[in-house]
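# Breakdown of the fold
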Amino acid sequence: MLARGATIGLLGGGQLGRMLAEAAARLGFHVIVLDPNADCPAARFCDRHIVAGYDDSAALDELAERCDVATFEFENIDLGALEYLSGRIPVHPDAWALRVTQDRLTEKTFLRETGIDTAPFRAVDGARQLEMALADIDGGGAILKTRRFGYDGKGQIRFGHGADDPAPEEAMARIGGAPSILEGFVDFACEISVVVTRGRDGTVHEFEPARNDHEGGILARSTVPCGLDSIIMADAMEKTRALATRLRYVGTLALEFFVMDDGTLIANEIAPRVHNSGHWTEAACSVSQFEQHIRAIAGWPLAESYRHSDCVMTNLIGDAIDDLPQWARDGAVRVNDYGKAETRAGRKMGHVVRLVPR
């Protein structure tokens, strides 16, 4: 168990890193961030910022020398760098958990082995394999995704059995011939996600599911309560607990589900980190997903967090950040500007949470 005043190393200084650094500071820890962007959102909220690439061995050595434990804020960290750092200090979650979740094919296979259903999928390494996979996955369409590094709809090509569908050769060219996975479309009623934290001692705490709405492939809103039957919610939470346990995970993760018309659940994606759909916990719960993550990696006991408000979390994407002063007029809304210097279309610039006391 880390003592008060210990130092946590954080790979990644984006908005998730910033909120993790804030949570760590409230618990009495110091934070050192490693991020190549000198003006990253977490830079103003940490004790020290090492400006270097994630695979810079000298920077990793410095992080190891100055920190008692390390973690990361996003899953596209170089696996070799994480393994290198793990040889020096404890890293949570560990490299094995990242290895499983960093590759969509490995992830989907792991989910099925855990007893959690997924959409039909096939590995694709070239145009001929894509052609066979499209013929094999029969249904209302499919989506081709790179196995690694895609997020918020990036690195994806949709096939809807229409005239606009690209030929297999063209589709593979669009994604640079990268190893990919073809997933069948799922005709679902809604999407939910469950955020859980697992401590070093194996204790698991989950937050209730949030209902997610997307626009342009990017999460737009998360609503709690999600409006589903308690049996469906319990099933989603149990599956997510089972996933965290089988991964031997330490820290916070999220599992996204498609909810079918009959209430059955199809897993969509694992996020091995604190998650956008869990931002509501910072405003509507006694203890947030960020604090639970810090507690877990520090070896502290997890809190029995409770939700004191219903809420809707809305992402401020691109120019929507300019509306922040208007949101702030409402005392029932908690605002969060990530402090990103450049506004770009499709970029998450902040979020707001509207609260309604229970």
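A few points on the structure. Note that the structure is predicted; figures quoted are calculated from it, not measured. (Residues numbered from 1 in each chain as written. Predicted model: local features only at pLDDT ≥ 70, side-chain atom pairs only at ≥ 80, totals over all residues. Heavy atoms only, no water.)

## Points about the overall build of the chain
Helix and strand content of the chain: 11 helices and 17 strands. At 20 Å, the chain has a C-alpha radius of gyration in line with the 21 Å of a compact globule built from 358 residues. When each of the 358 residues of the chain is scored for burial, the buried share is 54%. Of all intrachain contacts in the chain linking residues separated by at least 6 positions in sequence, the fraction that spans at least 24 positions is 60%. One finds the centroid of the 38 positive side-chain charges in the chain at a distance of 3 Å from the centroid of its 53 negative side-chain charges. (Helix = DSSP H or I, 4+ residues; strand = E, 2+ residues; numbered from the N terminus. Rg over C-alpha atoms; globule rule 2.2 N^0.38 Å. Buried < 20%, exposed > 50% of the residue type's maximum accessible area, 1.4 Å probe, protein only. Contact = heavy atoms within 4.5 Å. Lys, Arg positive; Asp, Glu negative; His and termini not counted. Charge placed at Lys NZ, Arg CZ, Asp CG, Glu CD.)

## Quick word on the sheet that holds strand 2 (residues 30–34)
Reading across from one edge, 3-2-1-4 is the order of the four strands in this open sheet, with parallel pairing throughout. This sheet does not close on itself; its edge strands, each paired only once, are strand 3 (48–50) and strand 4 (69–72). Going from strand to strand, the sheet's axes swing by 25° on average, the running direction of each strand aside. Here four bridges tie strand 1 (residues 7–11) to strand 4, and the two strands are oriented parallel to one another. For Leu 10, the partnering residue across the bridge sits in strand 4 and is Thr 71. (Pairing = 2+ DSSP bridges. Axes fitted to C-alpha atoms, helices over the stretch in contact; angles between N-to-C directions.)

## Quick look at the sheet that holds strand 5 (residues 121–124)
Strands pair in a sheet through their backbones, by hydrogen bonds, and they do so in one of two ways: parallel or antiparallel. Spatial ordering of the open sheet is given by 5-8-6-7, a layout of four strands whose pairing is antiparallel. Whereas interior strands pair on both sides, the edge strands pair on one side only; in this sheet they are strand 5 and strand 7 (156–159). The average undirected angle you get between the axes of adjacent strands in this sheet is 20°. The pairing of strand 6 (residues 142–146) with strand 7 spans four bridges and is classified as antiparallel. Counterpart to Leu 144 in the pairing with strand 7 is Ile 157. Sheet contacts for helix 6 (residues 127–136): strand 5, strand 6, strand 7 and strand 8 (180–184); angle to strand 5, the most-contacted strand, approximately 170°.

## Some thoughts on unusual backbone geometry
Leaving glycine aside, a negative phi is the common case for residues, and trans is the common case for peptide bonds. Here His 92 and Pro 93 are connected by a cis peptide whose omega angle stands at -10°. By the secondary structure assignment, Pro 93 is in the loop between helix 3 (79–86) and helix 4 (95–102). Residue Pro 225 follows Val 224 across a cis peptide bond; omega there is 5°. Within the secondary structure, Pro 225 is located in the loop between strand 12 (218–224) and helix 8 (230–246).

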